[in-house]
Amino acid sequence: MGRRARLGLVLFLAALWAGGLAVADEEGSQDESLESKTLSAEDQVKDHSTGTRVVAGQIFIESGKSDSQSEDEENFHSQEEEKENLLEDLNSLEMSDLLNKDLEDAEIQSPVLTAIGGTADGEPCHFPFLFMEKEYAECTADGREDGRLWCATTYDYKKDQKWGFCETEEQSNKRRQMQEAEDVYQTGMKILNESSKKAQKKEAYQYLLKAADMNHTKAMEKVSYALLFGDYLKQNIQSSKELFEKLTEEGSPKGQMALGFLYASGLGVNSSQAKALVYYTFGALGGNLIAHMILGYRYWAGIGVLQSCESALTHYRLVANHVASDISLTGGTVVQRIRLADEVENPGMASGMLEEDLIQYYQFLAEKGDVQAQVGLGQLHLHGGRGVEQNHQRAFEYFNQAANAGNSHAMAFLGKMYSEGSDVVPQSNETALQYFKKAADMGNPVGQSGLGMAYLYGRGVPVNYELALKYFQKAAEQGWVDGQLQLGSMYYNGIGVKRDYKQALKYFNLASQGGHILAFYNLAQMHATGTGVMRSCHTAVELFKNVCERGRWSERLMTAYNSYKDGDSNSAVVQYLLLAEQGYEVAQSNAAFILDQKASIVGENETYPRALLHWNRAASQGYTVARIKLGDYHFYGFGTDVDYETAFIHYRLASEQQHSAQAMFNLGYMHEKGLGIKQDIHLAKRFYDMAAEASPDAQVPVFLALCKLGVIYSLQYVREINIREVFSHIDMDQLLGPEWDLYLMTIIALLLGTIIAYRQRQHQAIPRPAGLRPAVPQQEPPPEHQPPQ
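Just so it is clear, the structure is predicted and the values come from calculations on it, not from any experiment.

Things to note about the overall build of the protein chain
Scanning the protein chain from N- to C-terminus turns up 38 helices and 6 strands. Here the protein chain holds 789 residues, and the buried ones make up 43% of them. Put simply, 54% of the contacts in the protein chain that link residues at least 6 apart link residues at least 24 apart. Carbon and sulfur atoms make up 52% of the accessible area of the protein chain, which totals about 43800 Å².

Encoded structure:
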């Protein structure tokens, strides 16, 4: 008891020590929600001291520091190190002895297995035991044809023949069934991962279906999502719901998150935001990142919960940490955001997707030795996107061809591929360094940045911060985002240069303008903690949200788009709805667009109200078309009552905030008709003119509207005046002089003379020249010359 008491005291003091160190954490970290604390150790947000380290340009910050604090930072660190060293010297021997003794006593013993049946029923198993000249430290099925696990109750089984089963027959059957299910699952996953053909993937899902029928949890997760989205299985919302409910009962975070999605979107169940929030919370508690992302968006936008920037920050930061940690030197996959509404309304506008004919043309050029085509195709296959699947093998081949032709860009990207390593290209710092040096010597910024990384982390060369800084500066001067990012990280951490948060902020901003994910992440960390800038929770959340939307789950945007293009609107809308729950604006607008076209997966009476909901969410994120759609829905009464005042508000917001020509035109029409606002023809003309100035496409409809407005204005003016009163007030002598009647008679006489002369000229005959008679057929006599009538 004494030793256990001492152990408790030691652990209590250690907790107090850790708590004392945690007091210095910034205010935002105090609001960390329960969700992030229940994740496994590797999923938790790591605590880092103020002397943060950088991994591939990623900074980790826990406690914020102002500019004034940075001046005394080095002294503070040295004092803390002295304290830690002193405590370590004083307590190392005593604490280690105490902990060693007490931990031995407090060691958790594994439960003692008792033999069932056999020759030693009820006796404890003995580990290790000797059987067939081999020692076993756990139960085994060796020596048995039925596969049941057994153990010996003495060391030497051959000598004593004392044994028993480790499980009942029922447990044995269940274990064998689960092992069989695992084998079937692994077979299906192997086919799924190794094949790219649709037929083979469908075959893989047949194995997964079989494993799911045998209650294999991971197989049920895969199958339930496939049924939900219609991926290689026929879409069946009801069957997927039943599987999600079963998974939820077993505590699966994926099942909980998906069930929350069904209740949030009202698919297969009656919509309930309260139930959705409960299931999302449980999914987040289980460590599901998508559930965290959904909760982050809900707290940010105030959907079903009270709006809380700090809560949103907690969820988004946790997800962003995982996304940032997955970013490699070669970068992640490209997120293709295609808005269906823009494609329909502007068919000629480029969606960013490359046509198959164009890709084949580039491939033809590459085969003919066109270096630029080789480099371009290499980059497309390296990152994926624009209708091209990620394929490192083809990327390597194209880069290799271009590098052999002396292209520095291809050499640099080969260096990145060797530095990162993959299934196609083995990791090799030496080979990467050779390519980086060749590219850098030719002034290529990608090669300079890669060479800087090699010197910064000692990859194939000794660590040299000065050379790393030099190469990053050269790359940054040429506008290469990796160079800007790494330069910002060096200034932030004070590696090779004096710590300078303003310079770090400058280079992170430059890299973020180039779209680098880690630049957004680092800026978010700085704004979240107030490091080098004023703390701004709102800015930090927006930046973290941007990072989270670059995660692997963003690939479903293209999957949904392809489903829509293939004519499967139901599959597309479900995928877009899940992404919309995660806060993707493009998914919200696309889901609303498909629902607007009366998607059959929801009831006919529910399409407009649901579309209105998602148009509203997309509009709140700044999408102009969505804001105009909200005005249209309230103007025509789609999914809501006709409300001209609300429609007018939405059009005005789109006009003022996004300068939309369509919104300006609609405002002009409402002013013209007096809908939702007092009729004012002058304001109507003003808005029509503004629409024409905002967009050349609006000039023709504006011209027609102004013509109509002019006619209406003239008729209105004529109605409002009295003609007789007008003429009675006109003094012709004063207006035209005393001889005005003579002028008028003269003008009338001239007009009459002109008309008479014109009429007479029309009746005069024009003589035809004799030599220019028309030819006539021989069988008909020539017509007689008739005098003019």
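Don't stop here, the text continues.
Thoughts on the environment of Gly 530
Residue placement: Gly 530 occurs in the loop between α25 (517-529) and α26 (537-548). Separated by 10 residues in sequence, Gly 530 and Ala 540 have C-alpha atoms that sit 9.7 Å apart.

With respect to the state of the cysteines
Inspection of every chain in the model, using the stated rule, returns 3 disulfides. A sulfur-sulfur distance of 1.9 Å marks the disulfide that ties Cys 125 to Cys 151. Classification of the bridge connecting Cys 125 and Cys 151 rests on its S-S torsion, roughly -60°, and on that basis the disulfide is left-handed. Within this pair, whereas Cys 125 is found in the loop between α5 (73-105) and β3 (129-131), its partner Cys 151 is found in strand β5 (residues 150-152), the two being separated by 26 residues in sequence.

Examining helix α24 (residues 501-513)
Every α-helical turn comprises 3.6 residues, leaving residues that sit three or four positions apart pointing alike. Between its first and last C-alpha atoms α24 spans 18 Å; for 13 residues at 1.5 Å apiece the expected length is 18 Å, and the two agree. Residues Tyr 501, Ala 504, Leu 505, Tyr 507, Phe 508, Ala 511 and Ser 512 constitute the buried set of α24. The N-terminus of α24 is capped by Asp 500, whose side-chain oxygen sits 3.1 Å from the backbone nitrogen of Lys 502. Following α24 by one or two positions, Gly 515 adopts a phi angle in the positive range, close to 85°.

Re the nonpolar core
Among the nonpolar cores identified, the biggest contains 154 residues, and Phe 261, Tyr 316, Tyr 576, Ile 594 and Trp 615 are the most heavily contacted of them. With 9 residues, α25 is the largest single contributor of residues to this core. Setting aside chain neighbours within four positions, we find Tyr 576 in contact with Leu 340, Leu 557, Ala 560, Tyr 561, Ala 587, Asn 590, Ala 591 and Ile 594. Residues Tyr 136, Ala 152, Phe 165 and Cys 166 belong to the second largest nonpolar core, which totals 12 residues.

Thoughts on a nonpolar patch on the surface
The grouping of Leu 358, Tyr 361, Tyr 362 and Phe 364 at the surface amounts to a nonpolar patch, some 370 Å² of accessible area in total. With respect to the element layout, Tyr 362 can be found in helix α16 (residues 356-367).

Things to note about the pattern of salt bridges
For the structure shown, the criterion picks out 16 salt bridges. With a closest N to O distance of 2.9 Å, Glu 167 and Arg 175 form a salt bridge. By relative accessible area, which is 29% here, Arg 175 ends up partly exposed. In this structure, Glu 555 engages Arg 552 in a salt bridge whose closest nitrogen and oxygen atoms are separated by 3.6 Å. When salt bridges with common partners are traced through the structure, they connect Arg 298, Glu 581 and Arg 617 into a single cluster.

Some thoughts on the confidence of the model for the protein chain
Summing up the model confidence of the protein chain, the mean pLDDT is 79 and the portion of residues at 70 or higher is 76%. Model confidence for the protein chain, summarised as mean pLDDT per element, is weakest for helix α3 (residues 34-37) at 33 and strongest for helix α13 (residues 289-301) at 96. Taken together, the stretch residues 60-109 has pLDDT below 50 and engages in 59 contacts with residues farther than four places along the chain or on a different chain. A low-confidence stretch, residues 768-789 (pLDDT under 50), is modelled with 2 contacts involving residues beyond four sequence positions or located in other chains.

Points about the packing of aromatic side chains
Across all of its chains, the model carries 28 aromatic pairs by this definition. Each ring, one from Phe 131 and one from Tyr 136, has its centre 6.3 Å from the other, and the planes form 50°; the classification is tilted. Each member of the pair, Phe 131 together with Tyr 136, is buried. A ring pair is formed by Trp 150 and Trp 163, whose centres lie 6.5 Å apart and whose planes are at 85°; its orientation type is edge-to-face. Taken together, the positions of Trp 150 in strand β5 and Trp 163 in strand β6 (residues 163-165) put the pair 13 residues apart, joining distant regions of the chain. Neither Trp 150 nor Trp 163 differs from the other in exposure class; each is buried. One aromatic cluster is present, formed by Phe 127, Phe 129, Phe 131, Tyr 136, Trp 150, Tyr 157, Trp 163 and Phe 165 through successive ring pairs. Between Lys 470 and the ring centre of Tyr 471, over which it is positioned, the NZ or CZ distance is 5.5 Å.

Quick look at α25
The terminal C-alpha atoms of α25 lie 19 Å apart, and with 13 residues this matches the ideal 18 Å at 1.5 Å per residue to within 8%. Of all 13 residues in α25, 13 are buried; the element is thus mostly enclosed. Note on α25: the residue one or two positions beyond its end, Gly 530, has a positive phi of about 70°.

Considering the packing of helix α27 (residues 556-565) against helix α28 (residues 569-581)
At a closest axis distance of 7 Å, the pairing of α27 and α28 adopts a crossing angle of 155°. In terms of orientation, α27 and α28 fall into the roughly antiparallel class. Every pair of crossing elements has a handedness; the one defined by α27 and α28 is left-handed. Seen from α27, the contacting residues are Arg 556, Leu 557, Thr 559, Ala 560, Tyr 561, Ser 563 and Tyr 564; seen from α28, they are Ser 569, Ser 571, Ala 572, Gln 575, Tyr 576 and Leu 579. Of the residues in the contact of α27 with α28, the class split is 7 nonpolar, 5 polar and 1 charged.

Quick notes on the environment of Ser 620
Residue position: Ser 620 is located in helix α30 (residues 607-620). Side-chain polar atoms of Ser 620 contact the backbone oxygen of Arg 617, separated by 2.6 Å.

Some remarks on the side chain of Glu 167
Following the sequence through the fold, Glu 167 ends up in the loop between β6 and α7 (169-194). At a separation of 3.4 Å, a polar atom in the side chain of Glu 167 contacts the side chain of Ser 172. One polar contact links Glu 167 to Arg 175, side chain to side chain, over a distance of 2.9 Å. Leave out the neighbours within four places in its chain, and Glu 167 touches Ile 116, Arg 148, Leu 149, Ser 172 and Arg 175.

Some details on unusual backbone geometry
Cis geometry marks the peptide bond from Phe 127 to Pro 128, where omega comes out at -5°. Of note, Pro 128 is situated in the loop between α5 and β3. Of note, Met 132 is a non-glycine position whose phi angle comes to about 55°, a positive value. In this structure, Met 132 sits in the loop between β3 and β4 (134-136).

Some remarks on the side chain of Thr 153
Examined against the element boundaries, Thr 153 turns out to sit in the loop between β5 and α6 (157-160). At 3.4 Å, the side chain of Thr 153 forms a polar contact with the side chain of Glu 123. Non-local contacts of Thr 153, meaning those with residues more than four positions away in its chain, are made with Ala 115, Ala 120, Glu 123, Pro 124, Cys 125, His 126, Lys 162 and Trp 163.

Reading the values: rules and limits
- Residues numbered from 1 in each chain as written.
- Predicted model: local features only at pLDDT ≥ 70, side-chain atom pairs only at ≥ 80, totals over all residues.
- Heavy atoms only, no water.
- Helix = DSSP H or I, 4+ residues; strand = E, 2+ residues; numbered from the N terminus.
- Buried < 20%, exposed > 50% of the residue type's maximum accessible area, 1.4 Å probe, protein only.
- Contact = heavy atoms within 4.5 Å.
- Areas by Shrake-Rupley, 256 points an atom, 1.4 Å probe, with all protein chains shown as cover.
- Disulfide = S-S within 2.5 Å.
- Expected span 1.5 Å × (residues − 1).
- Polar contact = N/O pair within 3.5 Å; in protein donor to acceptor, adjacent residues only side chain to side chain.
- Core = buried A, V, L, I, M, F, W, Y, C linked by side-chain atoms within 4.5 Å.
- Patch = residues over 30% accessible without salt bridge, like charges linked within 9 Å, V, L, I, M, F, W, Y side chains within 5 Å.
- Salt bridge = Lys/Arg side-chain N within 4 Å of Asp/Glu carboxyl O.
- pLDDT = per-residue confidence, 0-100.
- Phe/Tyr/Trp six-rings, centres within 6.5 Å; stacked < 30°, edge-to-face > 60°.
- Lys NZ or Arg CZ within 6 Å of the ring centre and 35° of its normal.
- Axes fitted to C-alpha atoms, helices over the stretch in contact; angles between N-to-C directions.
- Parallel < 35°, antiparallel > 145°, perpendicular 65-115°, else oblique.
- Left-handed = near helix turned anticlockwise from the far one by under 90°.
- Nonpolar A, V, L, I, M, F, W, Y, C, P; charged D, E, K, R; others polar.

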